[in-house]
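Descriptive structure summary
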Amino acid sequence: MNIIVTIKQVPDPDIPPNHFKVDEAAKRVIAPPGVAPVMNGYDANALEAALRLKEEHGGKVTALSLGTAEARDTLKRSIAMGADEAVLLDDPALLDGDSYTTALALAKAIGKIGAYDLVLCGRQASDTDAGQVALGIGELLGLPTVSPAIGLELANGSLKVNRMIEDGYQVLEVPLPALVAVSSEIAEPRYPPLRGIMAAGRAQIPVWSAADLGLGASDVGAAGRKVAVRRLYVETRETRCELIEGDSPAEAGAALAQRLRDAKLI
Amino acid sequence: MPRSGGVMVVAEAAEGGLAPISAELAAVGRTLADELSQPLSAVLLGSGAAAAVEELARLGPDRVLVADDLGLADYQADAYLAVLAPLVREEGPEILLLGQTPSMRELAPRLAFRLGTGLTTDCTALRIEDGVMVMTKPVFGGSALSELSIPEARPQIATVRARVFQPAPPRQDRQAEVRHLEVKLDAVRTRVLETVREAASSGPRLKDAKVVVSGGRGLGGPENWNYVEQLAETLGAAVGATRAVTDAGWVPSAFQVGLTGVTISPDLYITVGVSGAVQHIAGCSGARNIVAINKDPDANIFKHARFGVVADYKQVVPALTQRIKELRG
Ligand SMILES: Cc1cc2nc3c(=O)[nH]c(=O)nc-3n(C[C@H](O)[C@H](O)[C@H](O)COP(=O)(O)OP(=O)(O)OC[C@H]3O[C@@H](n4cnc5c(N)ncnc54)[C@H](O)[C@@H]3O)c2cc1C
Ligand SMILES: Nc1ncnc2c1ncn2[C@@H]1O[C@H](COP(=O)(O)O)[C@@H](O)[C@H]1O
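Okay, so let's go over this structure.

Conventions we followed
- Residues numbered from 1 in each chain as written.
- Chains lettered and ligands numbered in written order.
- Predicted model: local features only at pLDDT ≥ 70, side-chain atom pairs only at ≥ 80, totals over all residues.
- Heavy atoms only, no water.
- Contact = heavy atoms within 4.5 Å.
- Buried area = accessible area lost by both parts, 1.4 Å probe.
- Salt bridge = Lys/Arg side-chain N within 4 Å of Asp/Glu carboxyl O.
- Polar contact = N/O pair within 3.5 Å; in protein donor to acceptor, adjacent residues only side chain to side chain.
- Nonpolar A, V, L, I, M, F, W, Y, C, P; charged D, E, K, R; others polar.
- Pairing = 2+ DSSP bridges.
- Helix = DSSP H or I, 4+ residues; strand = E, 2+ residues; numbered from the N terminus.
- Core = buried A, V, L, I, M, F, W, Y, C linked by side-chain atoms within 4.5 Å.
- Buried < 20%, exposed > 50% of the residue type's maximum accessible area, 1.4 Å probe, protein only.
- Near = heavy atom within 4 Å.
- Areas by Shrake-Rupley, 256 points an atom, 1.4 Å probe, with all protein chains shown as cover.
- Disulfide = S-S within 2.5 Å.
- Phe/Tyr/Trp six-rings, centres within 6.5 Å; stacked < 30°, edge-to-face > 60°.
- Lys NZ or Arg CZ within 6 Å of the ring centre and 35° of its normal.
- Axes fitted to C-alpha atoms, helices over the stretch in contact; angles between N-to-C directions.

Right, let's talk about the interface of chain B and chain A for a bit. Listed by partner, the interface residues are 83 residues for chain B and 79 residues for chain A. With both sides pooled, the region where chain B packs onto chain A buries about 7,200 Å², and carbon together with sulfur makes up 58% of that total. A per-residue breakdown of the area chain B buries against chain A is headed by Phe113, Phe140 and Phe307 of chain B, which together make up 11% of the total. Taken together, the links from chain B to chain A amount to eight salt bridges. Among the salt bridges present, the one from Arg230 of chain A reaches Glu129 of chain B, with a minimum N-O distance of 2.9 Å. Taken together, the links from chain B to chain A amount to 35 residue pairs in polar contact (both at pLDDT 80 or more). Broken down by class, the residue content of the side of chain B that touches chain A amounts to 40 nonpolar, 23 polar and 20 charged. Summarising the sheet, strand E11 (residues 168–174) of chain A and strand E13 (residues 191–197) of chain B pair through six bridges and their orientation is antiparallel. Paired with Leu172 of chain A across the strands is Val192 of chain B, a residue of E13 of chain B.

Spelled out as C-alpha cells, the structure:
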C-alpha cells in the first residue's frame, strides 16, 4: 500500500482574531511575530490515517508539499511522524498560484512519484478554506475521489470510506487507486516520537521545479491562475454585548432568563 | 466552448421536494442575471422529482432543465458530473452557481477542473462589476474576507454558503418553461454500501431550528452534556456543538456548527463553554441573537454575543433552565 499525502504549510489558524492582520496592498496575511507556520490540520489527520494504514498493511508513505523553503520544516515534521519520504515543490514560478495551478503541480508531482495506491489529502487548507485542491488533483489524475472522509478501512484489497453527509455518513466502497480527502474525525495526529525526530534530522528532501514537472512558467503560479484576488481585508466589528450579572452565578442565570423573556426571545 | 450566456443555478432536491438552498440560489441567480440582462436557468438532477420541478419552476427562473433518471436518485459524484459537465459545455452560461452543501462542495471543484475554469467556494456575497462576477469569500477561517473574480475562464463558478442569501418566494403567477434532458451516465466507480444517520432523532433539525443551544469544550467532558440537553429540551431547541466536542467524540459530527460543519441562522443561539473561534462563528454569524455563557470575560464569543454571562456554566445553566421553565409556565 503506497500512499502519497499532500501536506501544506499554513499560518497558525489559532492566531486570535485581535492579532490577525493583513497587508491589503500585498493581499497577504501578516503573521504576528513569533508565531510560526504549522502543518495544515486536516493534512496532519491525512498523514496520521496514512501511517495507520501503513502500520497495518505495509507499504510506503510519501509526503508532498508545494511551498517555499520554509515548508521544509513541515515536511521534516511529516518524516518525524513516520513518513518514509518527502518531496518539496519549490520554485518561484509556482508561487502565488490558485487552487487550479496548485492542483496541477501536485498532480504532476504525484505522477512523477508514481506507483501509488492511494492519495490522501486534507478536506481543506485553513488559509484558503477552499476545499478544491484535493478534488482537483483527483479530477486531473482521473481517480475515484471522495471528500470529506471521517473513516477509512482497507479490507480485501478494497477501500471502505465513511463519507460525511448532512445527518451522518455513508459507507462507500472505492476501487484503488483513489484519492480521499479527510476531515479531522478520521484520526488524531500523533506526536513525533524521538526516533522520528532523529530520522527527520537526517532526511534528504528533494526539491522539484516546475520544469521538473514538465510545466511551463505560464501554466502555473501567478501566470496560470484562473481566479484573481481583487481584495483581502479584515472586517472590523464593534462589540455590544450586554453582560447579565447577579449576586451569584445562579442568580445571573435566572436574570438571563428574565432578560431573554423581556427581549421576547423565549 | 459556445457562449450562449446566461446565469445557471444547480438546484437540489430533498425528501419530497426542493432543498431550501434552491430558493436561495434562484434569488441570487436572478439578481445577477437581471444585472447582466441575461436569462436565468435552473438545473435539477434526481429521480421522479416532479414535485421539486414544479416548485423550482415557480422560483423565478426563465427555464428549468431536468435530468431525471434512476441513477440520479441519490447524489453520486461520478454520475452527477457525467450529466452536468456536458450540459454546462453545451449551454455555455457566463455564470454557474451551486450550493456549498455536502454534495455540491464535493462536486463543484471537480466540475470546475473538468471544464478548465475557475471556482470560488463558500461565497457569502456576489455582485456584478464591469460585467464580471465579484465573489466575496471568507478566508483564514473567517478572520479575513477576500474578493475574487474569474477574468477570462468561463463559466465563472461559485458555490454559495447556505442560509446567507434570502430565498426567492414562490410565485403563483409565473412558471418557467421545463425541458427534460437526455441522460447518459458514466460508470459510477464508488458504491454506497450503507447510509448511517446520526443526527438527533428527536427535536428540531439543527440547520433550520429557530433556537439552538451549543456546547463547547468548556463543559469539561461528555458526562456534562446533559446541561446542554436539558436547556435545549426546555426551549424546544436543537442541540449543536463545537469541533472540539465532535472531534473528542462526545457527539457525532452531524452536530458540529461552523465553517466545516452546519451553517445555522436561528433567532436565538445560546452557547455554553464555547470560546467563539472564528471557524465556529463562521457557521453562526447569521444567528439573530447570540447568548454566551463562558467563564472567561475575554473569550471571543462575547464580541459576537448580544447577551452574556461571565461565570461557571455549572452554576448558570441549571438556574437558567429552571427559570425558563417557570417563565413558560
Ligand atoms: C480549518 C478549520 C476548521 C474548523 N472548523 C470548525 C467548525 O466548523 N466548528 C467549530 O466549532 N470549530 C471549528 N474549528 C476549530 C476552532 O478553531 C476551535 O478550535 C473550536 O471551535 C474550539 O471549540 P470550543 O470553543 O469548544 O473550545 P475552546 O476553544 O477550548 O473553548 C472552551 C471555552 O470554554 C470556556 N470554559 C471552560 N470552562 C468553563 C466553565 N466551567 N464554565 C464556562 N465556560 C468555561 C473557556 O473559557 C473557553 O472559552 C476549525 C478549525 C480549523 C483550523
Ligand atoms: N501548497 C500545497 N501543498 C501541498 N498540499 C496542498 C497545497 N495546497 C493544498 N493542498 C492539499 O489540498 C487540500 C485542500 O486545499 P484547499 O483546496 O486549498 O482548501 C489541503 O488540505 C492539502 O492536503
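Nonpolar side chains in soluble globular proteins tend to be buried together. Leu97, Leu126 and Met133 of chain B are the most contacted members of the largest nonpolar core, which totals 42 residues. Residue contributions to this core peak at nine residues, all from helix H1 (residues 21–36) of chain B. Non-local contacts of Met133 of chain B, meaning those with residues more than four positions away in its chain, are made with Leu32, Ile95, Leu97, Leu126, Arg127, Ile128, Leu148, Ser149, Gln156, Ile157 and Ala158 of chain B. Counting 38 residues, the second largest nonpolar core, distinct from the first, contains Ala44, Ala80, Val161 and Val182 of chain A.

If you check the shell around ligand 1, you find 27 residues, and the closest are Arg217, Thr242, Thr260, Ser275 and Gln279 of chain B. In this structure, ligand 1 sits where chains A and B come together, each supplying nearby residues. In the environment of ligand 1, an oxygen atom lies 2.7 Å from a nitrogen or oxygen atom belonging to the side chain of Gln279 of chain B. Contact with the protein chains covers 85% of the free accessible surface of ligand 1, which is 990 Å². Those elements giving two or more residues to the shell around ligand 1 turn out to be helix H6 (243–247) and helix H7 (278–281) of chain B. Along the lines of polarity and charge, the residues of the shell around ligand 1 split into nine nonpolar, 13 polar and five charged.

Moving on to the site of ligand 2. All names here are of chain A. Neighbouring ligand 2 are 20 residues, the closest being Asp43, Ala125, Thr128, Gln132 and Val133. In the environment of ligand 2, an oxygen atom lies 3.2 Å from a nitrogen or oxygen atom belonging to the side chain of Asn40. Gly122 is positioned with one of its backbone polar atoms (N or O) 2.9 Å from an oxygen atom of ligand 2. For ligand 2, whose unbound accessible area comes to 490 Å², protein coverage reaches 98%. Mapped by element, the contributors of at least two residues to the shell around ligand 2 are strand E6 (60–66), helix H3 (99–113), strand E8 (118–122) and helix H4 (133–141). Per-element accounting of the shell around ligand 2 gives the leading share, three residues, to E6. Across the shell around ligand 2, the residue classes break down as nine nonpolar, nine polar and two charged.

Under the counting rule described, the total for this entry stands at zero disulfides over all chains. The structure places no disulfide on Cys123 of chain B, whose sulfur is separated from the nearest cysteine sulfur, that of Cys284 of chain B, by 20 Å. Relative accessible area serves as the criterion here: at 0%, Cys123 of chain B is assigned to the buried category. Distance from the sulfur of Cys284 of chain B, which forms no disulfide, to the nearest cysteine sulfur (Cys241 of chain A) is 13 Å. Taking relative accessible area as the criterion, Cys284 of chain B reaches 0% and is therefore assigned buried.

A few words now on helix H2 (residues 71–81) of chain A. Residues of H2 of chain A that are buried include every one of Ala71, Thr74, Leu75, Ser78, Ile79, Ala80 and Met81 of chain A, and no others. Buried residues along H2 of chain A sit in contact with strand E2 (9–10), strand E5 (38–39), helix H1 (41–57), E6, strand E7 (85–89) and helix H5 (194–202) of chain A.

This part is about the pattern of salt bridges. All names here are of chain A. In the structure shown here, the tally under the stated rule is 33 salt bridges over all chains. For Arg190, the salt bridge goes to Glu55, with nearest N and O atoms at 2.7 Å. Taken together, the positions of Arg190 in the loop between strand E12 (178–182) and H5 and Glu55 in helix H1 put the pair 135 residues apart, joining distant regions of the chain. The exposure class of Arg190 is partly exposed, given its relative accessible area of 24%. Residue classification places Glu55 among the exposed positions, given a relative accessible area of 53%.

Looking now at the packing of aromatic side chains. Evaluation of the coordinates by the stated rule reveals four aromatic pairs over all chains. Seen in terms of ring centroids, Tyr75 of chain B and Tyr80 of chain B are 5.4 Å apart; in terms of plane orientation they differ by 75°. Their pairing is edge-to-face. Classification of Tyr75 of chain B by relative accessible area gives buried; the value is 12%. Here Tyr227 of chain B and Tyr313 of chain B contribute two aromatic rings whose centre-to-centre distance is 5.2 Å and whose plane-to-plane angle is 85°, an arrangement assigned as edge-to-face. Pair noted here: Tyr227 of chain B is in helix H5 (residues 225–235) and Tyr313 of chain B is in helix H8 (residues 313–328), with a separation of 86 residues, a long-range link. Looking at Tyr227 of chain B, the relative accessible area reads 21%, which means it is partly exposed. Lying over the aromatic face of Trp208 of chain A, Lys112 of chain A brings its terminal NZ or CZ to 4.8 Å of the ring centre. Here Arg231 of chain A stacks its cationic end above the ring of Tyr233 of chain A, 3.7 Å away from the centre of that ring.

Turning our attention to the sheet that holds strand E1 (residues 7–10) of chain B. Residues and elements named next belong to chain B. Pairing is parallel in the open sheet, where seven strands are placed in the order E7-E11-E6-E1-E4-E5-E12. Because the sheet does not close on itself, it has two edges, and the strands there are strand E7 (119–123) and strand E12 (177–180). Ignoring strand direction, the axes of neighbouring strands in this sheet form an average angle of 20°. Where strand E5 (residues 63–68) and E12 come together, four bridges link them in parallel fashion. Looking at the pairing, Arg63 lines up with Glu177 of E12. Contacting E1, strand E4 (40–46), E5, strand E6 (95–99) and E12, helix H3 (residues 77–91) crosses the sheet at an angle of about 160° to E4.

Here the focus is the sheet that holds strand E10 (residues 158–165) of chain A. Pairing is mixed across the open sheet formed by 10 strands, whose spatial order is E13(A)-E7(A)-E6(A)-E1(A)-E8(A)-E12(A)-E9(A)-E10(A)-E11(A)-E13(B). Looking at the sheet topology across the chains shown, the edges are occupied by strand E13 (207–208) of chain A together with E13 of chain B. In terms of strand pairing, E10 of chain A meets E11 of chain A through seven bridges, oriented antiparallel. Looking at E11 of chain A, one finds that Ile165 of chain A is bridged to Gly168 of chain A. On the sheet, H3 of chain A packs against strand E1 (2–6), E6, E7, E8 and E13 of chain A and is oriented at approximately 150° with respect to E6 of chain A.

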